[in-house]
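Structural characterization, general
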Amino acid sequence: MAAGVVIAGAGQAGFQCALSLRAEGYDGPVTLIGDEDSLPYQRPPLSKGCLSGKTDLDAIDLRPAAFYETNRIELRMGRRVESIDRQSRRVTLAGGGDVPYEYLVLATGCRNRELPGVDGVCYLRTREEAAAIMERLETSETVAVIGGGFIGLEVAAAAAGHGRKVSVVEPQPRLMQRAVGPIVSGFFRELHERNGVQFAFGTSAVDLSADMIVAGIGVVPRTELAAAAGLTIANGIVVDSRLRTSDDLIFAIGDCAAFPSRFTGAMLRLESVQNAVDHARCVAGAICGREAGYTAVPWFWTDQFNAKLQTAGLSGGFDAEVVRGVVESGKFSVGYFREGRLIAMDSINQPADHITARKLLAAGGNLTLHQAADLTFDLKAAV
Amino acid sequence: MSLFSRKPKETVSITYISHTGATRAVPVPVGASVMEGAVSNSIDGIVAECGGACLCATCHVYVEESCLELLEPVAAEEEAMLENTCSKRLPNSRLSCQINVTKELEGLIVRTPEAQQ
């Protein structure tokens, strides 16, 4: 029997890879190995719907158990790949056992960056961690959040929505600095402040007297397995434009993979559902003999209070930002340009702009600053 | 009073018909979405890549004409995504993640398209 595909990591990327392999008609064995105990689940709701109380924590499984059986995906949950023997093409599992592979897909994701020297801090990446935060929220009156990025702000919004008194410290001068420009940062600061959240910028000195402390200070790619196998590592597992590592039979996808971006012209590592899903599909295609370069437009989203922010593209290094619409209305977009070319767009409660921006960016970003600002100009006309 | 209390949920029966005619009626809890009902019952033909955030248009369904009037109208967010369905958008096209299941939807029938992506 053929060795098949082994996928190390059963998060969004690993799950999608298994799904796409079957959808593409791959007929060999598919083994999906994950170190959490429960069925593969979606992470975005953990900090969004689950914390706000809209979504049950047990309603976020990507698929029910029967799905894996029906699709002949061998699910090994509660197991971790301990080592890779590239010579004999086998992975060894912690606690014993090994699995041969024809292709190995590393989807090992990230771990939380932790705050040194502070005990009892909550983090949010897994279902278990979300459950712990929910439990603490029940009895906490004051909540201190470290980090004004997506996770920190989603936690802050949910806690404030439950009537908790929330303070956020952010070492940078503005919110979500890595992801959005100053206009969008300012909009979200005001939105949170209107809902009672207090901010301190330029500091990471958290209020230790708060009833609970949540840190959302980023994640670190899990590269140890790949590194021990001698694969190239540089802020993630390094892959080429086809998502192959330095070993032709081993791919890396999702949060753990550093890939050459056609949008930044540099190596890039992204933590998002889009990136996980599109990487997974690209690799499933390659394994099925339809190899193609990875070129998908990055997009991501966050929900905070009544605002849904949708981002298309990557705004880092922009030299102009243009508002489309009226910021105060709570429905607007911001186009980011570099050398006269659209490189990203943030849309707040403007889904149509977001969808069009994705297409615009896929097509090369041919939009003028003037057109971006002109509400009488239909963005679709530029696609 | 718990912030995250969970009550046992009533269910309604929803029927999913594939483009080849394969038909399954499954119980879906009130408060879930028609997409969630499909995914948790492994209904083929609904992908739901974004998990119900109205961001991907891979949970497209055609709602049985006689059931259309039971549904809330299409919101702006859904309208934007419906322009991006893989299979042809028809007047009865909806994104199943945006159809919230209520008691009134007992017996709802939706058809899944040939392709979602």
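As the structure is a computational prediction, the values presented were derived from the model and not from experiment.

Calculation criteria
- Residues numbered from 1 in each chain as written.
- Chains lettered and ligands numbered in written order.
- Predicted model: local features only at pLDDT ≥ 70, side-chain atom pairs only at ≥ 80, totals over all residues.
- Helix = DSSP H or I, 4+ residues; strand = E, 2+ residues; numbered from the N terminus.
- Rg over C-alpha atoms; globule rule 2.2 N^0.38 Å.
- Buried ≥ 20, exposed ≤ 12 C-beta atoms within 10 Å, placed from the backbone.
- Domains from an automatic or database assignment.
- Contact = placed C-beta atoms within 7 Å.
- Nonpolar A, V, L, I, M, F, W, Y, C, P; charged D, E, K, R; others polar.
- Expected span 1.5 Å × (residues − 1).
- Axes fitted to C-alpha atoms, helices over the stretch in contact; angles between N-to-C directions.
- Left-handed = near helix turned anticlockwise from the far one by under 90°.
- Core = buried A, V, L, I, M, F, W, Y, C linked by C-beta atoms within 7 Å.
- pLDDT = per-residue confidence, 0-100.
- Pairing = 2+ DSSP bridges.

**Some points on the overall build of chain A**
What chain A contains, in helices and strands, is 11 helices and 23 strands. For 383 residues, the compact-globule estimate of 2.2 N^0.38 gives 21 Å, and the C-alpha radius of gyration of chain A, at 21 Å, lies within 12% of that figure. The principal-axis extent of the C-alpha atoms belonging to chain A is close to 65 × 55 × 35 Å. When each of the 383 residues of chain A is scored for burial, the buried share is 49%.

**Some words on the domain arrangement of chain A**
Accessible area lost upon the coming together of the parts is a frequently used measure of interface size. Residue and element names in this part refer to chain A. According to the domain assignment, chain A contains domain 1 (5-111 + 219-287), domain 2 (114-215) and domain 3 (306-382). The distance between the C-alpha centroids of domain 2 and domain 3 comes to 28 Å. Residue-level contacts link 7 residues of domain 2 with 12 residues of domain 3. When the residues that make up the side of domain 2 that touches domain 3 are grouped by side-chain class, the tally is 6 nonpolar, 1 polar and no charged.

**With respect to unusual backbone geometry**
Peptide bonds are mostly trans, and most non-glycine residues show a negative phi. Residue and element names in this part refer to chain A. You will see that R72, though not glycine, has its phi angle at about 50 degrees, which is positive. Following the sequence through the fold, R72 ends up in the loop between α4 (65-70) and β3 (73-77). In this structure R72 comes out as partly exposed when scored by C-beta crowding, with 14 C-beta atoms within 10 Å.

**Some words on helix α10 (residues 351-362) of chain A**
The end-to-end C-alpha distance of α10 of chain A, which contains 12 residues, comes to 17 Å, matching closely the 16 Å that a straight helix rising 1.5 Å per residue would cover. A large share of α10 of chain A lies buried, amounting to 9 of its 12 residues. Turning to α10 of chain A, its buried residues are P351, D353, H354, I355, T356, A357, R358, L360 and L361 of chain A. Where α10 of chain A is buried, its residues meet β19 (299-304), β20 (307-313), β21 (320-326), β22 (331-338) and β23 (341-348) of chain A together with α2 (76-82) of chain B. Immediately downstream of α10 of chain A, the backbone of G364 of chain A shows phi near 115 degrees, a positive value.

**So, the packing of helix α1 (residues 12-23) of chain A against helix α9 (residues 273-287) of chain A**
Residues and elements named next belong to chain A. One can describe the packing of α1 onto α9 by two numbers: an axis separation of 8 Å at closest approach and a directional angle of 35 degrees. Every pair of crossing elements has a handedness; the one defined by α1 and α9 is right-handed. Between α1 and α9, the residues in contact are Q12, A13, Q16, C17, S20 and L21 and V273, A276, V277, H279, A280, R281, V283, A284 and I287, respectively. Looking at the contact of α1 with α9, its residues break down into 10 nonpolar, 4 polar and 1 charged.

**Description of the nonpolar core**
All names here are of chain A. Counting residues in each nonpolar core, the largest one holds 147 residues, and the members touching the most others are C17, V105, L106 and I253. Sort the elements by how many residues they give to this core and helix α6 (residues 150-161) lands first, with 9 residues. Discounting chain neighbours no more than four positions away, the residues touching L106 are A8, G9, L225, A226, I237, I250, F251, A252 and C256.

**Concerning the interface of chain A and chain B**
Every contact between the two is made by 21 residues of chain A and, on the other side, 19 residues of chain B. For the side of chain A that touches chain B, the elements supplying multiple residues, two or more each, are α2 (44-47), α4, α5 (127-139), α9 and α10 of chain A. Its residues placed into classes, the side of chain A that touches chain B shows 14 nonpolar, 4 polar and 3 charged.

**Describing the confidence of the model for chain B**
All names here are of chain B. Here chain B shows a mean pLDDT of 91. Residues at 70 or above account for 98%. Strand β5 (residues 108-111) holds the highest mean pLDDT among the elements of chain B, 97, whereas α2 holds the lowest, 89. At the level of chain-chain contacts, confidence expressed as ipTM amounts to 0.85, with global pTM at 0.94.

**Topic: the sheet that holds β19 of chain A**
Residues and elements named next belong to chain A. If you walk across this open sheet you meet the 5 strands as β19-β20-β23-β22-β21, and the pairing is antiparallel. The outermost strands of the open sheet, each flanked by one partner alone, are β19 and β21. Averaged over neighbouring strand pairs, the angle between their axes works out to 15 degrees when direction is ignored. Pairing between β20 and β23: 5 bridges, direction antiparallel. Within β23, the position partnered with T311 by the bridge is D346.

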